[in-house]
Structure formats: structure tokens, C-alpha cells
Amino acid sequence: MHNNQNLEQTSHILHLVLPKMSELAIPVTPENYAIWFDYFAETNLNLKRAIDGLIANDVKFTPEVNLGLYNRFIEERSPEIIENVQIETQILINSLVHKIELLGEGTANFSGNLTEFNQKLQSNPNLDELTLLVMSIAAEVEQVIASNRHMSDSLVSLSDEIANLKSEMDNLSKVAMTDELTSLNNRRAYELFAAEQMTKFTDTQTVCSLLMIDIDHFKLFNETFGHLIGDKVLAYVALAMKHTVKGDDLVARYGGEEFVVMLPNAKLADAVNVAEKIRERISLKQLSIGKEKKQNLGHITVSIGVATIQTGDDAETLLARADEQLYIAKKAGRNCVKYA
Ligand SMILES: Nc1nc2c(ncn2[C@@H]2O[C@H](COP(=O)(O)OP(=O)(O)OP(=O)(O)O)[C@@H](O)[C@H]2O)c(=O)[nH]1
């Protein structure tokens, strides 16, 4: 009974968090999500008091305010938050075990899998692993539902709760992989993708190539036109890159004004081709802003370093070679592609 109450509470909180964030126009980042989960869970009364005070005084939840809340009330408690999600998932599993025992036949396999989930949960999983765990539980439940047509309504409603938790986790994972300014993949997403490509190369000798792209004289651009217009240019460059590559390729913002493009199955010559297309596409366009496009920003150019995977590479060595070529491209006068 106690477990069910907790499960209901958790589910109730999950349903409150996103609508409230959307109402207050707060971006759903993992940090902001943690703040608002805690707010509704009422586990941190100082945080709750601070937020209630902000709302009462009509204070806007700007990025600075959100960061302040996170730094003050959440950052030091991160391990505790992961622990909370862990406990919630544990409650879910316990509740499932109980329901499955009531169902009896045809579920022995499922009970075994739940034991395995339980063990994984004890091994301090990170957010990705927790997400995977919740997805696996959801898949198992769907299977049990399919093979137990006579099952009780309570299992159906439990499965709804899991589906909700799963979609919240999906959302969190997506946010954690996306760069907010450009909507590209972020560095974390790139690192996961690069690791996959390394494994493919080791297992099946499937090649891949990497472009490292840096906007030329961006510091000067920011100083001339201001940071906000600089941000727009970053978004423009991001879009130009996305429109040049194919579906399997991964474009990511590596940091600041630096981007990476990972091209699975591309040999050096193909990758240099793509790099040239990106460079040309960006440099040819004359940028202007304002209602009647009166303010002319001139041409933006990028320098690109290209490298292809070699035996003995790991993600770092491949990146280092692309970065070396990028440096050579800058030295050679910028707005060019160099490769090794
Ligand atoms: N507007 C804006 N600027 C950023 C962002 N991230 C990094 N920058 C700026 O990008 C500039 C990078 O400058 P540098 O690394 O000195 O290089 P650069 O001026 O691009 O010159 P080269 O790379 O040598 O061609 C810095 O001024 C950063 O402030 C961002 O998110 N928005």
C-alpha cells in the first residue's frame, strides 16, 4: 500500500512539472527539470519558499534566475536526485512484482527479468542507464499484457504509469543531448555517437570520417555586431551544415563556435567533398538582418579540418587529427578545408 502511494505521488509530480515549466516559459533542461521536480515533490522547503516568493513577486524565470536556483538549491544535491529517481524506479519494480505474483501463470520469465532490473538498479546507474532501464521495463510489461488477455485493470493502469515515466525519461534524454541555441546535437550526443562508430570500425572495419568546423574571426564578429547577432549566426551555420549532410551523418555543436560532423561510411575523399560543400554553402551567402534586411553582416566563413578513422584510433585521437588540420586551415588563411 505504501509503495502504491509513493508510485501515485511520483506520477502525480511528473504530471505537474512539465505543464508548469511550459506555463512559465522555462526551457526543459535537466537542471531546470530537477528544480521543478523538487519544487512539486516538496522535498526541499527552502527551494519551495524561494520559488513561491519569486512567483508571488512576479519575477520572470530568466536563464540567470534558473541558474541561480540550480546553483543554490540543487547542484550540491545532484547525487540525491539520481538517488530519488532510483528509488522511484525501485518502487515501480516492487509494485510490478506484487501485481505479477497475483497474476500467476505465464509470468515466471517476467519475474526473473524484474529481479535483473532490480540488480541493475542497485549498481548506481546514471541517467542514460536509468532511461534504458525504464524502457526495458515498459517493453516487458507490454509483452506480459499481450500474453495475459485476462489480466486485471490494475496492471493496465500500472502500465500507463510506466508509459508516462518512459516518455518523461525520453524527454529528459532528448533535452540532455541537444544544444539549446542551435537545436543541434550537443557534445555529449557526439561523444556517444563517436563511441559507436569506433566500435563499428573495430568490429567490422566500417570506416567513418570527422569534420571539425570553426567559424572564422567570430570574436571580431561578436565585437562588431553584438553577441545576440553572433548567436543568430551560430544558428544559421548550424542550419547550413544540417542541410548539406545526409540522414546518417551527425552534426553537433562541440562548444562555442566549434562544430563537428561525423560521417559514417565516408572515406577521406567523400568527407573532403562534404566539407567543401559546407564551406562553400556558408561562404557564398550574404547575411543581413533587420525588418527590411538593411543591416549587412557580410559573408561568414568557416575553416574545416578533416580526418578519417585509422587502425588504433579512439574517439580522442581521431578528433585530435581533425583539430590539427583545422589549425592548419586557420594558419593557411581560413575559409578553407585541410585534411590528413
Ligand atoms: N555569440 C556567441 N559567441 C560565442 C558563443 N560561444 C563562443 N563565442 C565566441 O566565439 C569567439 C571565439 O573566438 P576565438 O576562439 O578567439 O576565435 P575567432 O575570433 O573565431 O578567430 P579564429 O578562430 O582564429 O578565426 C569568442 O569571442 C567567444 O566569445 C556563443 O554561444 N554565442
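Remember, it's a predicted structure, so these values are computed and weren't measured experimentally.

(A) Here's a closer look at the side chain of Asp179. Within the element layout of this structure, Asp179 appears in the loop between α8 (153-176) and α9 (187-204). One polar contact links Asp179 to Arg253, side chain to side chain, over a distance of 3.3 Å. Look past the residues within four positions of Asp179 in its chain and what remains in contact with it is Leu184, Asn185, Asn186 and Arg253.

(B) Broad picture of the site of the ligand. In the region of the ligand, 17 residues are neighbours, and His217, Phe218, Asp231, Arg253 and Arg334 sit closest. Take Phe218: an N or O atom from its main chain is 2.8 Å from an oxygen atom of the ligand. Side-chain polar atom of Asn222 to a nitrogen atom of the ligand: 2.8 Å apart, as the coordinates give it. For the ligand, whose unbound accessible area comes to 670 Å², protein coverage reaches 68%. Listing elements by their share of the shell around the ligand, those giving two or more residues are β1 (208-215), α10 (218-225) and α11 (227-244). Here the shell around the ligand gets 4 residues from one element, more than from any other, and that element is α11. Its residues assigned to classes, the shell around the ligand comprises 4 nonpolar, 5 polar and 8 charged.

(C) Layout of the sheet that holds β1. In spatial order, the strands read β2-β3-β1-β6-β7; together these 5 strands make up an open sheet with mixed pairing. Of all the strands in the sheet, just β2 (250-255) and β7 (337-339) have a single pairing partner and so form its edges. Pairwise comparison of adjacent strand axes, ignoring direction, gives a mean angle of 20° for this sheet. With 5 bridges joining them, β2 and strand β3 (residues 258-264) adopt antiparallel strand pairing. The residue bridging Leu250 from the neighbouring strand is Met262, located in β3. The sheet contacts of α11 involve β1, β2 and β3, and relative to β3 the element is tilted by about 10°. The sheet contacts of helix α13 (residues 315-331) involve β1, β2, β3, β6 (302-308) and β7, and relative to β6 the element is tilted by about 145°.

(D) Representation of the nonpolar core. If you look at the biggest cluster of nonpolar residues, it comprises 33 residues, and the most contacted ones within it are Leu211, Met241 and Ile278. For this core, the secondary structure elements donating two or more residues are β1, α10, α11, β3, α12 (268-284) and β6. Residues within four places of Met241 in sequence aside, it is in contact with Leu184, Ile213, Val251, Phe259, Val261, Ile278 and Ile282. Leu18, Ala34, Phe37 and Tyr70 belong to the second largest nonpolar core, which has 20 residues in total.

(E) The pattern of salt bridges, seen in detail. Going through the model one piece at a time under the given rule, you end up with 9 salt bridges. Here Arg187 makes a salt bridge to Glu191, at a shortest N to O gap of 3.4 Å. Within this pair, Arg187 and its partner Glu191 are both found in helix α9, separated by 4 residues, close to a single helical turn. The exposure class assigned to Arg187 is partly exposed, which follows from its relative accessible area of 39%. Measuring nitrogen to oxygen at the nearest pair gives 3.5 Å for the salt bridge that ties Lys219 to Glu223. Of this pair, Lys219 and Glu223 both sit in helix α10, 4 residues apart, which is roughly one turn of the helix. As far as the burial class goes, Lys219 and Glu223 line up, both exposed.

Conventions used here
- Residues numbered from 1 in each chain as written.
- Predicted model: local features only at pLDDT ≥ 70, side-chain atom pairs only at ≥ 80, totals over all residues.
- Heavy atoms only, no water.
- Helix = DSSP H or I, 4+ residues; strand = E, 2+ residues; numbered from the N terminus.
- Polar contact = N/O pair within 3.5 Å; in protein donor to acceptor, adjacent residues only side chain to side chain.
- Contact = heavy atoms within 4.5 Å.
- Near = heavy atom within 4 Å.
- Areas by Shrake-Rupley, 256 points an atom, 1.4 Å probe, with all protein chains shown as cover.
- Nonpolar A, V, L, I, M, F, W, Y, C, P; charged D, E, K, R; others polar.
- Pairing = 2+ DSSP bridges.
- Axes fitted to C-alpha atoms, helices over the stretch in contact; angles between N-to-C directions.
- Core = buried A, V, L, I, M, F, W, Y, C linked by side-chain atoms within 4.5 Å.
- Buried < 20%, exposed > 50% of the residue type's maximum accessible area, 1.4 Å probe, protein only.
- Salt bridge = Lys/Arg side-chain N within 4 Å of Asp/Glu carboxyl O.

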